[in-house]
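The primary structure of each chain is shown beneath.
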Amino acid sequence: MGLKKFFCVALITVFSVSSGVGVRADTLFDGVSDGDRAEVAKEYLAEIIEYIEDYYIGSDISTEELVEAAIEGMAHSLDEYSEYYTVEEYNNIMKSIAGTVYEMGIDFEIDEEGYPEITGLHEGSAASESGLRIGDTIIEVNGVSTQGKGVAEVENMITRTSLEVLDVKIIHRDDERDINVTLKPVENNTVLVEDVGKHIDLNEEYDNSKVGYIKIKQIADNTDDEMRQAISRLKREGKTKLILDLRGNTGGYVDQAIGICRQLVPAGRIIFTRDKSGNITEYTSYLTQEPFSKIAVLVDNMTASASEIIASAIQDSGAGIVVGKTTYGKGVMQSVVELSGYGYLKMTDSEYFSRTGKKINGIGVVPDIEIGDVLFVSEEDGYDSSRLRTALELLGYNAISDNKVKRSIGSFQRRMGLSVTYKLDKETADAMNLKIYSAVNNTDRTMFEAYVNIMSQDG
């Protein structure tokens, strides 16, 4: 029989630690006190790294790379939210959730030699004011070559989260030059205020001038202030009710979410957290006068983390209702610690619970009005049928009471040229189902349900 290629000539199973006693890997911590375990582990890992460096014959790998790999492995062994970031990865993440970033203000393409060539200058940009021109090739930024970096990496090289002056080396008409570029701030708007009529066909029976719509795209380091400005704008416009859209919002800064809650949630607890030692921390709202008489929060299964804090606090406090699909269910928080010289470790260190003590993690925020699959109506549906009421509301009719349902059926029959019987006969049900099929494909049902509910409330 031939030997298999995966054999090991010398299988090493024993490493020593400072005590000089051989320690098998599966009994490394036997008899070691909790206080000494970290020290033993450190020496053990140091010997493994030394062994790899002495005997590994593959491609070169530095001590730094081995340490980073060890940290990354430890982070991945914790939970799905704990991660290790290199300095570059961490900086990129910070840029993505920064309220303000500082840019050169250029468009560029990678040329045949792998360098970024400027193809456009933004009006009033830092680049144009510093003397950069279309056609210039950027070969270095702060002494680091741009060759072969690719578009994303170059973008990261010329974008910062704080005001900086970049030393940019360029080739201009075959001449090499060094230019200092003082970056300019660019706002990353995370809060969008729009007319609710842009998203649904409004029901003429309601006074739509009283409803405001705010979309929070993500929770960045300036979202609290953006939300304050948005609320002030809506109040100046006379809005008394709010549709707050958190769909697709995967979270962000917890302190910003708390700040948003303090603008919408009545006085009392917002959430509370519990750490490994059982320590409880409460986050509280001090709001004495709510800005809106009713709030409808739109959520889906991508509404997560910090945005779930907002949804749960509004729901539990009675400030508003939640409409849509059950949220993601990320009810834990992570802290980020800088590892000297080795990047950053993000680690789950506490769990949070809603205002009334409900668990969020692994469960999510369950909507007050859940938007499931549309069910078509049949002639057997009575005036009190929730399926019939949903269908009528989807088609733009009022279905608050049995009497309203009856009148709306008559209105639908009249509009469709059917006999006006005020009853859901087979002919009417068939015609309504055709309309429902069309409406489902053209209507934001979550928005519509929120709108109908919020407009049916007093205030």
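Residues numbered from 1 in each chain as written. Predicted model: local features only at pLDDT ≥ 70, side-chain atom pairs only at ≥ 80, totals over all residues. Heavy atoms only, no water.

1. Topic: the sheet that holds strand β21 (residues 369–370)
Strand order in this open sheet of 6 strands is β12-β13-β14-β17-β18-β21, and the pairing throughout is mixed. Every other strand in the sheet has two partners, leaving β12 (191–194) and β21 as the edge strands with one partner each. In this structure, strand β14 (residues 241–245) lies alongside strand β17 (residues 294–299), joined through 5 bridges in parallel fashion. Its bridge partner lying in β17, Leu244 is registered against Val297. (Pairing = 2+ DSSP bridges. Helix = DSSP H or I, 4+ residues; strand = E, 2+ residues; numbered from the N terminus.)

2. Points about helix α2 (residues 63–76)
The end-to-end C-alpha distance of α2, which contains 14 residues, comes to 20 Å, matching closely the 20 Å that a straight helix rising 1.5 Å per residue would cover. Regarding α2, the residues found buried are Leu66, Val67, Ile71 and Ala75. In this structure, the buried residues of α2 make contact with α1 (34–55), β3 (83–85) and β20 (344–354). (Expected span 1.5 Å × (residues − 1). Buried < 20%, exposed > 50% of the residue type's maximum accessible area, 1.4 Å probe, protein only. Contact = heavy atoms within 4.5 Å.)

3. What to know about the packing of aromatic side chains
Counting across every chain of the model gives 4 aromatic pairs. Ring plane angle 15° and centroid distance 3.7 Å describe the contact between Tyr90 and Tyr344, whose orientation is recorded as stacked. Taken together, the residues span a long stretch of sequence, with Tyr90 in helix α3 (residues 87–96) and Tyr344 in strand β20 at a distance of 254 residues. Judged by relative accessible area, which is 16%, Tyr90 ranks as buried. Judged by centre distance (6.2 Å) and plane angle (80°), the ring pair of Tyr397 and Phe412 falls under edge-to-face. Remark: Phe412 occurs in helix α10 (residues 402–416) and Tyr397 occurs in the loop between α9 (386–394) and α10; sequence separation between them is 15 residues. The burial state of Tyr397 is the same as that of Phe412; both residues are buried. The ring of Phe292 is capped by Lys235, whose NZ or CZ atom sits 5.3 Å from the centre of that ring. Above the ring of Tyr81, the side-chain terminus of Lys330 is found at 4.7 Å from the ring centroid. (Phe/Tyr/Trp six-rings, centres within 6.5 Å; stacked < 30°, edge-to-face > 60°. Lys NZ or Arg CZ within 6 Å of the ring centre and 35° of its normal.)

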